[in-house]
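Fold and geometry: a report
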Amino acid sequence: MASCGSIRTGGILGTPRMYGMVNKAIEDMVRHHHGDAAWEELKARAGVDVEMFLNDEAYPDEMTHRLVAAASGMLGARPDEILVAFGRHWISYTAAEGYGPLMTAAGRTIPEFFASLPSFHNRIAMIFPGLQPPRFACTDVTATSLRLHYVTHRHGLTAFVTGLLEGLGERMGTPVRVVLVESRDAGADHDVFDVSWSPGG
Ligand code: HEM
């Protein structure tokens, strides 16, 4: 069966911090759907005292999780629902921020993009040198499905990946079905998603 990339597990990559672009994307999502006052209230609820997130400054992951938890409380949605929505938003947000051509170069179809996904963040690391990117690999690749392996030293972003994959499908006009089939939370070595799409994707 075909595959792409390879997965090494283990290894701590340092203090969990992410570039501010991530929190800026949450801000953009909240402002866009709920308005400026909602964003200010959300930051207050999350105890986040940052006037303006900077793209190229690193913020503790824990701050991102506080924003997600506060959004969950405020909007009456589960944290994983917020993360799925955020993953979907991330695809359109990064495209609007100038990263669209990078995504297009990585693949115009779902299978093409998945083949590039294991090395995708290498390009991004040239722009953000301190990047601590996730690792991806595909196994069991068929014309309309694959298993995506997601390895990270971070916790709590599984639903974000689901949203990212759905967002990619939307961007490419090929809806994808994403099912978590092995979960680190349930004791697996890493998360594994079953991803499938219609023929012609
Ligand atoms: C051009 C579009 C993209 C850009 C600019 C981008 C950039 C980033 C940045 C800056 C981070 C924060 C990590 C850090 O600061 O150390 C990140 C994290 C992440 N990215 Fe991307 N990304 C893009 C597309 C994608 C896509 C398409 C996927 C998967 C389908 C993806 C999966 C992830 C995940 C899961 C994380 C969380 C980190 C982790 O799990 O350890 N990204 N990305």
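Okay, so let's go over this structure. What you see is a predicted model; the values in this text were computed from it and never measured. (Residues numbered from 1 in each chain as written. Predicted model: local features only at pLDDT ≥ 70, side-chain atom pairs only at ≥ 80, totals over all residues. Heavy atoms only, no water.)

1. Concerning the coordination of the iron atom of the ligand
Just one protein ligand coordinates the iron atom of the ligand, and it is H121 (NE2) at 2.1 Å. Locating H121 in the fold gives a position in helix α5 (residues 110-127). (Donors = N, O, S within 2.8 Å, 3.2 Å for Na, K, Ca; no water. Helix = DSSP H or I, 4+ residues; strand = E, 2+ residues; numbered from the N terminus.)

2. Quick notes on helix α2 (residues 36-46)
Taken together, the buried positions of α2 are occupied by A38, W39, L42, K43 and A46. Buried positions in α2, seen along its axis, are confined to an arc of 135 degrees and lie on one side of it. Turned more than 90 degrees away from the buried face of α2, the exposed residues are A37 and A44. Summarising the contacts, the buried residues of α2 are in contact with α1 (21-34) and α3 (61-75). (Buried < 20%, exposed > 50% of the residue type's maximum accessible area, 1.4 Å probe, protein only. Arc of directions from axis to C-beta. Contact = heavy atoms within 4.5 Å.)

3. Observations concerning the environment of G5
Position of G5 relative to the elements: it lies in the loop between β1 (2-4) and β2 (17-19). Residues G5 and C138 lie 133 residues apart in sequence; the distance between their C-alpha atoms is 6.5 Å. Apart from residues no more than four positions distant in its own chain, G5 is found in contact with P118 and A137.

4. Points about the site of the ligand
Every one of the 27 residues lining the ligand counts as a neighbour, but Y19, H121, Q132, Y150 and T152 are closest to it. Side-chain polar atom of W90 to a nitrogen atom of the ligand: 3.3 Å apart, as the coordinates give it. Here an oxygen atom of the ligand sits 2.5 Å away from a polar atom, N or O, in the side chain of T152. Elements represented by at least two residues in the shell around the ligand include exactly β2, α4 (79-106), α5 and α6 (158-171). By residue class, the composition of the shell around the ligand is 21 nonpolar, four polar and two charged. (Near = heavy atom within 4 Å. Polar contact = N/O pair within 3.5 Å; in protein donor to acceptor, adjacent residues only side chain to side chain. Nonpolar A, V, L, I, M, F, W, Y, C, P; charged D, E, K, R; others polar.)

5. Overview of unusual backbone geometry
Unlike most non-glycine residues, D140 shows phi in positive territory, near 50 degrees. Note on placement: D140 falls in strand β4 (residues 135-141).

6. As for the pairing of strand β7 (residues 191-197)
Of all seven residues in β7, six are buried, a share of seventy percent or more. One ladder, built from six bridges, connects strand β6 (residues 176-182) with β7; its direction is antiparallel. Along β7, the bridge assignment pairs V176 with W197. (Pairing = 2+ DSSP bridges.)

7. Here's the deal with the sheet that holds β7
Reading across the sheet, the five strands line up as β1-β4-β5-β7-β6 and stay open at both edges, with antiparallel pairing between neighbours. This sheet does not close on itself; its edge strands, each paired only once, are β1 and β6. Sheet twist, expressed as the average angle between the axes of neighbouring strands with direction ignored, equals 20 degrees. Packing of α6 onto the sheet brings it into contact with β4, β5 (145-151), β6 and β7, and relative to β6 it is tilted by some 155 degrees. (Axes fitted to C-alpha atoms, helices over the stretch in contact; angles between N-to-C directions.)

8. Here we look at the pattern of salt bridges
By the definition in use, this model includes twelve salt bridges. Across the pair R78 and E81 runs a salt bridge whose closest N-O atoms are separated by 3.5 Å. As a salt-bridge pair, D194 and R147 come within 3.3 Å of each other at their nearest N and O atoms. Taken as a pair, D194 in strand β7 and R147 in strand β5 lie far apart in primary sequence, 47 residues in all. The network of salt bridges with common partners includes E27, R31, D36, E40 and K43. (Salt bridge = Lys/Arg side-chain N within 4 Å of Asp/Glu carboxyl O.)

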